[in-house]
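Listed here are the chains, written in short residue letters.
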Amino acid sequence: MQITLLGTGVPTPNPKRRGPAQLIKAGNVNILVDCGSGTVNQLVQGNVSPPQINNVLITHHHSDHYIDLDHFIITRWIMGADKPLHIYGPIRQKKIIENMLAVHEYDLKIRVEHQGTKRPLPEVIVHEIGEEIEMEIDGLKTRAFHVEHPPVDPAFGYRFDTQDRSIVISGDTRPCENIIKNAYNVDLLVHECMHSAKVPFVPGGGWKSAEHRIEAMARYHTFPEKLGLIAKDADPKILATTHMVSHSEPSELMEIIGHDYSGALVIGEDLMTI
Ligand SMILES: [Zn+2]
Ligand SMILES: [Zn+2]
């Protein structure tokens, strides 16, 4: 099993770090986890064609994690996918997909009419994750678990297990016990890492002050100063960071996280495969 970090960025545009997205590959199974800005192009850069993916997992409903989903659904269909696409996500996932397809209703209709083949529209099967969180996706053992990202509720992390390998993706979360529990001794923990202190304060973004923004961020994200402690307790074989701001400096992150965590550490980069 391997993971490709397709996008290691945040909502703010950054050509070096595209929006959040990861591709899990286990044998013939490809699972896309989140579909942030630039995901479809990143897939192609990583030599994966959209029709090769039949399953998408969404961690939570912040738009930076799904803003490329309509691009993905329609492009996959234009490129000839004839299998249904399964999308798994928190409650409200059905409504989001319905609305997305409604936005593109005219486009889909004229494409079919133009081709004159009466081809069916993209078939999207949505699975809203409730408390039934153990899943088998094309035979791959997958578990959704709750993380803490208030006010977004619910927000999930995902764990994937094959016979000999395990990967956990944190999604967006503040430091939380459930990460430590679900990622304990995992082979690879891909964890968000928001170095909010590095982001210059811009008035007009909705926050009252720089202090107010940092305080609010700490309530729903994990700063590098806290990530070392999480990793120390979870003790993964490898920790990889994601969800990083443009101003994040890899050497600085290594140093801050390394203060509390002495295991293998990878500062994630777009298109890195582990
Ligand atoms: Zn979020
Ligand atoms: Zn996010």
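Above this text you will find the structure in question.
None of the values given here were measured: they were computed from a predicted structure. (Residues numbered from 1 in each chain as written. Chains lettered and ligands numbered in written order. Predicted model: local features only at pLDDT ≥ 70, side-chain atom pairs only at ≥ 80, totals over all residues. Heavy atoms only, no water.)

Draft legend 1. View of the coordination of the zinc ion (ligand 2). For the zinc ion (ligand 2), every protein donor is listed as D64 (OD), H65 (NE2), D172 (OD) and H243 (NE2), and the spread of their distances is 2.1 to 2.2 Å. All donor residues of the zinc ion (ligand 2) come from one chain, and their arrangement in sequence is D-H-x106-D-x70-H. Between the zinc ion (ligand 2) and the zinc ion (ligand 1), both coordinated by D172, there is a metal-metal distance of 3.4 Å. Separated by 179 residues along the polypeptide, D64 in the loop between β4 (55-57) and α2 (69-78) and H243 in the loop between β12 (238-242) and α8 (250-258) bring together distant segments of the chain. Side by side, D64 and H243 carry an identical accessibility label, which is buried. (Donors = N, O, S within 2.8 Å, 3.2 Å for Na, K, Ca; no water. Helix = DSSP H or I, 4+ residues; strand = E, 2+ residues; numbered from the N terminus. Buried < 20%, exposed > 50% of the residue type's maximum accessible area, 1.4 Å probe, protein only.)

Draft legend 2. Summary view of the coordination of the zinc ion (ligand 1). Here the zinc ion (ligand 1) is held by the protein donor atoms H60 (NE2), H62 (ND1), H149 (NE2) and D172 (OD), which lie 2.1 to 2.3 Å from it. Relative to the metal, the four donor atoms surrounding the zinc ion (ligand 1) lie at angles of 90 to 160 degrees, and the coordination shape comes out irregular. Mapping the donors of the zinc ion (ligand 1) onto the primary sequence yields the spacing H-x1-H-x86-H-x22-D. For H62, a relative accessible area of 23% puts it in the partly exposed group. Classification of H149 by relative accessible area gives buried; the value is 1%. (Tetrahedral: all angles 85-135°; square planar, octahedral: opposite > 155°, others 65-115°.)

Draft legend 3. Summary view of the environment of A264. Relative to the assigned elements, A264 resides in strand β13 (residues 264-267). When its relative accessible area of 37% is taken as the criterion, A264 is described as partly exposed. Along the chain, A264 and V245 lie 19 residues apart, while their C-alpha atoms are 22 Å from each other. For A264, the contacting residues outside a window of four places in its chain are K237, I238 and L239. (Contact = heavy atoms within 4.5 Å.)

Draft legend 4. Fine view of the sheet that holds β4. Strand order in the open sheet made by the seven strands is β6-β5-β4-β3-β2-β1-β14, with mixed pairing throughout. For this open sheet the edge positions go to β6 (124-128) and β14 (272-273), each flanked by a neighbour on one side alone. Running at roughly 165 degrees to strand β5 (residues 85-89), α2 makes contact with β3 (29-33), β4, β5 and β6 of the sheet. Where helix α3 (residues 93-103) meets the sheet, it contacts β5 and β6, and its direction lies at approximately 155 degrees from that of β6. (Pairing = 2+ DSSP bridges. Axes fitted to C-alpha atoms, helices over the stretch in contact; angles between N-to-C directions.)

Draft legend 5. Molecular detail of the packing of helix α7 (residues 224-234) against α8. Interhelical geometry of α7 versus α8 gives an angle of 50 degrees and a closest axis separation of 7 Å. Considered as vectors, α7 and α8 are oriented oblique to each other. Considering the relative orientation of α7 and α8, their crossing is right-handed. Contacts from P224, E225, L227 and G228 in α7 reach L253, I256 and I257 in α8. The residue makeup of the contact of α7 with α8, split by class, is five nonpolar, one polar and one charged. (Parallel < 35°, antiparallel > 145°, perpendicular 65-115°, else oblique. Left-handed = near helix turned anticlockwise from the far one by under 90°. Nonpolar A, V, L, I, M, F, W, Y, C, P; charged D, E, K, R; others polar.)

Draft legend 6. Spotlight on the packing of aromatic side chains. Summed over the entire model, instances satisfying the criterion amount to one aromatic pair. An angle of 40 degrees between the planes, with centres 6.5 Å apart, marks the rings of F156 and Y158 as tilted. Judged by its relative accessible area of 1%, F156 falls in the buried class. (Phe/Tyr/Trp six-rings, centres within 6.5 Å; stacked < 30°, edge-to-face > 60°.)

Draft legend 7. A look at the packing of α2 against α3. Where α2 meets α3, the closest approach of the two axes is 10 Å, and the angle between their N-to-C directions is 65 degrees. Here the hand of the crossing between α2 and α3 comes out right-handed. Taking contact as the criterion, the partners of L69, D70 and I73 in α2 are, on α3, Q93, I97, M100 and L101.

Draft legend 8. Fine view of the side chain of D187. For D187, the location among the structural elements is in the loop between α5 (177-183) and β11 (188-192). Residue class for D187 comes out buried when judged on its relative accessible area of 17%. Side-chain polar atoms of D187 contact the backbone nitrogen of S166, separated by 2.9 Å. Contacts of D187, omitting those with residues within four sequence positions, involve D164, R165, S166, K237 and I238. (Polar contact = N/O pair within 3.5 Å; in protein donor to acceptor, adjacent residues only side chain to side chain.)

Draft legend 9. Quick look at the pairing of strand β8 (residues 140-149). Here strand β7 (residues 134-137) runs beside β8; their pairing, made up of four bridges, is antiparallel. The partner of E134 across the bridge, within β8, is R143. The antiparallel pairing of β7 with β8 creates a hairpin that spans two residues between the two strands, and D138 there sits at a positive phi of about 45 degrees. Here β8 runs beside strand β9 (residues 152-161); their pairing, made up of eight bridges, is antiparallel. Note on β9: the bridge partner recorded for R143 is R159. Taking the residues between adjacent antiparallel strands as the criterion, β8 and β9 are bridged by two residues.

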